[in-house]
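Architecture and fold: a report
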Amino acid sequence: MKKIVLTACAALFATVSFAQQALWGGAQIVSPQVNADNTVTFRYKDAKARRVQVTGEFLPEVMIEIPNFGKMATAGSADLVEKDGVWEFTTPEPLASDYYTYSFIVDGQRTTDPANVYINRDVATVTNYFIVKGAEDSKGNLYSVNKVPHGTVRKMWYYSPELGTSRRLTVYTPAGYETSGKKYPVFYLLHGAGGDEEAWYTQGRSTQILDNLIAQGKAEPMILVMTNGNAWQTAAPGESAEGLKQPSMGMGQGNDRPQVKEAAFELHFPDVINFIQKNFRTYTDKKHRAIAGLSMGSFHSENISKYYPNMFGYVGLFSGASVGGGLGNQNPTSDVYTDFDGKMATQFSAKNKPSLYMICCGKTDFVKQGVDQLRSYMDQHNYPYEYVETEGGHIWKNWRYYLSIFAPRLFK
């Protein structure tokens, strides 16, 4: 009995010690450190490392060759300098107010910063992040949690008769929704390939952006719906009955994923709208409904809005477009993807023309050629649109900005 008691005490002591370590231990260095002049210092403690680098959106882009794909812009890297086992790098210039992601590369292996608990996931890549704040209208401030009224975020499941399964989405309702009794317009915001219903909420800072824009009086109070655009997937990795599977960029063609018919996501979109209108106080006309998306979500937004021309009064295409054809299929058979000319003519007819059709793309984005083709097509047919071009490539830094300039234009 005495031996059992001693063993139990030892286990308890180990548990308490571990808890204390979690509470009061942790990193002994500060990283990243946003300095008074908005330069940022990164530190990594490892006396045995031979080389430590930092890579992130704050560094100049470099072009890399992707096999079977072509050249693509990606974040560059910088070397840290070691002293007494601590590696350090300070940006040579102050950083503009913004939200930045970064990782360390230690002896060739990419890793997170152990001194920074703030991380997020983009597909299967986990990175740290930090924010350089600024004035009220700066990007860093817009992407931060500030002392303003906050909306409510719900993770909800809906049933799709078209897909024959329950699916998960993220819904933001603006501050005051619960008590106002009013109806609200709805903005449907779609992610890119490899993303899910968590992407815009985590990487995109969508709820912070809307909280701040609404509080500043720059955007109308609205409901924001962030869907899962992978028709073969019911929910984000780890949030479904599939268990803790490794996230990937795949879109349902693999042997380990259920097959879905072509244009399944577009065809099922009325199921999403019906669920939102049934469970929230919404207006139900197109002038109170918007859709936008990034990359694959841009492709979906383009096709959904022209397949259902009476559904959306506002359309945003962020870093992605097509001139006919289906995603990954140049010979589509679905009615969603055929008769591109006819559908565009119907969408931009006097009866259906959107109040706003905005196209946004980075100068070094690998999809820019396709975006330019769409713009040329629309110019030839005198279809009205607004175009925003930014520095940089296919990155969240651009997509967050596109959201911040698109949302204030809605429902005016």
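Report on the accompanying structure. Just so we're clear, the structure is a prediction, and the values are computed from it rather than from any experiment.

A look at the overall build of the chain
Of the regular secondary structure elements, the chain holds 10 helices and 20 strands. For the chain, with 412 residues in total, the buried portion stands at 50%. Counting only contacts in the chain whose residues sit at least 6 apart along the sequence, the fraction spanning at least 24 positions is 71%. Accessible surface computed for the chain: about 19,700 Å², of which carbon and sulfur atoms make up 53%.

Side note on the sheet that holds strand 7 (residues 81-83)
Judged by pairing direction, the sheet is antiparallel, and its 4 strands sit side by side in the order 1-2-8-7 without closing on themselves. Across the chains shown, the open sheet's two edge strands, defined by having one partner strand only, are strand 1 (33-34) and strand 7. Two strands pair when backbone bridges link them, and strand 2 (residues 40-45) and strand 8 (residues 86-90) are joined in this way by 5 bridges, in the antiparallel orientation. The residue bridging Thr41 from the neighbouring strand is Thr90, located in strand 8.

Quick word on the pairing of strand 19 (residues 356-362)
Counting buried positions along strand 19 gives 7 out of 7 residues, so the element sits mostly inside the fold. Relative to strand 19, strand 18 (residues 314-318) is paired through 5 bridges, and the arrangement is parallel. Each residue of the ladder has a partner; that of Gly316, found in strand 19, is Met358. Bridge analysis of strand 19 against strand 20 (residues 386-390) gives 5 bridges, and the strand direction is parallel. The residue of strand 20 that forms the bridge with Cys360 is Val388.

Observations regarding the environment of Lys48
Mapped onto the secondary structure, Lys48 falls in the loop between strand 2 and strand 3 (52-56). Residue Lys48 is classed as exposed on the basis of its relative accessible area, which comes to 77%. C-alpha of Lys48 to C-alpha of Gly85: the two residues are 37 residues apart in sequence and 7.6 Å apart in space.

A look at the packing of helix 6 (residues 264-279) against helix 7 (residues 296-307)
Remark: helix 6 packs on helix 7, axes separated minimally by 10 Å, with the N-to-C direction vectors making an angle of 60°. The pairing of helix 6 with helix 7 is recorded here as oblique in orientation. Remark: the crossing between helix 6 and helix 7 carries right-handed chirality. Mapping the contact onto sequence places Phe265, Glu266, Leu267 and Phe269 in helix 6 and Phe299, His300, Asn303, Ile304 and Tyr307 in helix 7.

Considering the sheet that holds strand 20
If you trace the 8 strands from one edge of the open sheet to the other, you get 13-14-16-15-17-18-19-20, paired in mixed fashion. Where the open sheet ends on each side, the last strands, each with one partner, are strand 13 (152-160) and strand 20. For this sheet, the mean inter-axis angle between neighbouring strands, taken without regard to orientation, is 20°. Most of the contacts of helix 7 go to strand 17 (residues 289-294), to which it runs at about 145°, and overall it touches strand 15 (186-190), strand 17, strand 18 and strand 19.

So, the packing of helix 8 (residues 340-347) against helix 9 (residues 368-380)
Their axes nearest at 12 Å, the elements helix 8 and helix 9 cross at an angle of 60°. Note that helix 8 runs across helix 9; the crossing there is right-handed. Between helix 8 and helix 9, the residues in contact are Phe340, Asp341 and Met344 and Leu374, Tyr377 and Met378, respectively.

Focus on the nonpolar core
The biggest cluster of nonpolar side chains holds 40 residues, and the ones touching the most others in it are Tyr188, Phe269, Ile276, Phe312 and Met378. A total of 7 residues in this core trace back to one element, the largest contributor, which is helix 6. Other than its neighbours up to four places away in sequence, Ile276 contacts Val171, Val186, Tyr188, Val225 and Thr282. In terms of nonpolar packing, the next biggest core, distinct from the first, is built from 33 residues, Leu142, Leu213, Ala219 and Trp399 among them.

What about the pattern of salt bridges?
Tallied over the full model, the rule gives 18 salt bridges. Sharing partners across several salt bridges, the network here consists of Lys155, Arg168, Glu197, Glu198 and Glu239.

Points about the packing of aromatic side chains
Overall, the coordinates contain 31 aromatic pairs when judged by the stated rule. Consider the rings of Phe318 and Tyr402, whose centres lie 5.7 Å apart with planes at 55°: the pair is tilted. Residue Phe318 is found in strand 18, and its partner Tyr402 is found in helix 10 (residues 396-406); the two are separated by 84 residues along the sequence. Just as Phe318 is buried, Tyr402 falls in that class too. Centre to centre, the rings of Trp396 and Trp399 are 5.3 Å apart; their planes meet at 80°, and the pair counts as edge-to-face. Of this pair, Trp396 and Trp399 are both found in helix 10, 3 residues apart, which corresponds to roughly one turn of the helix. The pair formed by Trp396 and Trp399 is uniform in burial state, with each residue classed as buried. Aromatic rings pair up to connect Phe187, Trp200, Phe318, Trp396, Trp399, Tyr401, Tyr402 and Phe406 into one cluster. In this structure, Arg281 is placed above the aromatic ring of Tyr177, and the distance from its NZ or CZ to the ring centre is 4.1 Å. In this arrangement the basic side chain of Arg375 is found over the ring face of Tyr387, its NZ or CZ atom lying 3.6 Å from the centre.

Thresholds, definitions, all that
Residues numbered from 1 in each chain as written. Predicted model: local features only at pLDDT ≥ 70, side-chain atom pairs only at ≥ 80, totals over all residues. Heavy atoms only, no water. Helix = DSSP H or I, 4+ residues; strand = E, 2+ residues; numbered from the N terminus. Buried < 20%, exposed > 50% of the residue type's maximum accessible area, 1.4 Å probe, protein only. Contact = heavy atoms within 4.5 Å. Areas by Shrake-Rupley, 256 points an atom, 1.4 Å probe, with all protein chains shown as cover. Pairing = 2+ DSSP bridges. Axes fitted to C-alpha atoms, helices over the stretch in contact; angles between N-to-C directions. Parallel < 35°, antiparallel > 145°, perpendicular 65-115°, else oblique. Left-handed = near helix turned anticlockwise from the far one by under 90°. Core = buried A, V, L, I, M, F, W, Y, C linked by side-chain atoms within 4.5 Å. Salt bridge = Lys/Arg side-chain N within 4 Å of Asp/Glu carboxyl O. Phe/Tyr/Trp six-rings, centres within 6.5 Å; stacked < 30°, edge-to-face > 60°. Lys NZ or Arg CZ within 6 Å of the ring centre and 35° of its normal.

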